[in-house]
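# Fold and geometry: a report
Residue-level listing of the chains:
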Amino acid sequence: MSVVKINVLTVPAEQREVLEKRFASRAHAVENSDGFEWFELLRPVEGTDQYLVYTRWRDEESFQAWMEGPMKAAHQGGTEGDRPKPAASGSTLWSFDVVQQAAPKQA
């Protein structure tokens, strides 16, 4: 079964739009990665300032290859002065193995 990675981003209210625009501008950056299965950016509705970045991968190796390749390159582009300030003030990575799943029944 797949693995799920959820990046929990603490985003101050004044940075929400910035974060969402940055994700939108590179919306297709992960889609061609080997082993990639799904992505969702989840905006908090109430009671928290934490966005959830949900990705699902074929296996841990696929995720690690993406982290060390395309993701690392995307976050290290340009020189120190050229890079925009991070929109998130904190980040935590949660990892899960998918042990059960369901999809809508086909009619």
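Residues numbered from 1 in each chain as written. Predicted model: local features only at pLDDT ≥ 70, side-chain atom pairs only at ≥ 80, totals over all residues. Heavy atoms only, no water.

The name an unreviewed UniProt entry assigns to the chain is Antibiotic biosynthesis monooxygenase, from the organism Streptomyces misionensis.

## Structural notes on the packing of aromatic side chains
Keep this limit in mind: Two aromatic rings, drawn from Phe, Tyr or Trp (for Trp, its six-membered ring), form a pair once their centres lie within 6.5 Å of each other, and the interplanar angle then sorts them: stacked below 30 degrees, edge-to-face above 60, tilted otherwise. Secondary structure elements are defined from DSSP: runs of H or I of at least 4 residues count as helices, runs of E of at least 2 residues count as strands, and each element is numbered from the N terminus. A 1.4 Å probe rolled over the protein chains alone gives each residue an accessible area, and that area as a share of the maximum for its type sets the label: buried under 20%, exposed over 50%, partly exposed in between.
The tally for this structure, following the rule as stated, stands at five aromatic pairs. Measuring from ring centre to ring centre gives 6.1 Å for Phe23 and Phe39, while their planes differ by 20 degrees; the resulting arrangement is stacked. One end of the pair, Phe23, is in helix H1 (residues 16-25); the other, Phe39, is in strand E2 (residues 36-42), and 16 residues separate them in sequence. Seen from their ring centres, Trp57 and Trp66 are 5.3 Å apart, and the 35 degrees between their planes marks the pair as tilted. For Trp57, a relative accessible area of 0% puts it in the buried group.

## With respect to the sheet that holds E2
This is how it is decided: When DSSP finds two or more bridges between two strands, those strands count as paired. Orientation is described by lines fitted to C-alpha atoms, with helices fitted over the stretch in contact, and by angles between N-to-C directions that extend from 0 to 180 degrees. Contacts between residues were defined by any pair of non-hydrogen atoms, one from each residue, lying within 4.5 Å.
The strand order across the open sheet formed by four strands is E2-E3-E1-E4, and the pairing between neighbours is antiparallel. Two strands bound the open sheet, and with one partner strand each, they are E2 and strand E4 (90-97). Between one strand and the next, the sheet's axes are offset by a mean angle of 15 degrees, whatever the strand orientation. Docked against the sheet, H1 engages strand E1 (3-10), E2 and strand E3 (50-57), running at close to 20 degrees with respect to E3.

## Description of the pattern of salt bridges
Between side chains of opposite charge, pairing is possible as soon as their charged atoms come close. Test applied: Between Lys or Arg on one side and Asp or Glu on the other, a salt bridge is scored when a side-chain nitrogen of the former is within 4 Å of a carboxyl oxygen of the latter.
Summed over the entire model, instances satisfying the criterion amount to six salt bridges. For Arg58, the salt bridge is made with Asp34, and the minimal N-O distance between the two is 2.8 Å. With Arg58 in the loop between E3 and helix H2 (60-75) and Asp34 in the loop between H1 and E2, this residue pair connects regions lying 24 residues apart in the sequence. Looking at Arg58, the relative accessible area reads 39%, which means it is partly exposed. A relative accessible area of 58% means that Asp34 is categorised as exposed. Of the charged contacts, one joins Arg56 and Glu37 as a salt bridge, the two residues approaching to 3.1 Å between their closest N and O atoms. Residue Arg56 is found in strand E3, and its partner Glu37 is found in strand E2; the two are separated by 19 residues along the sequence. When salt bridges that share partners are traced, they join Asp34, Arg58 and Asp59 into one network.

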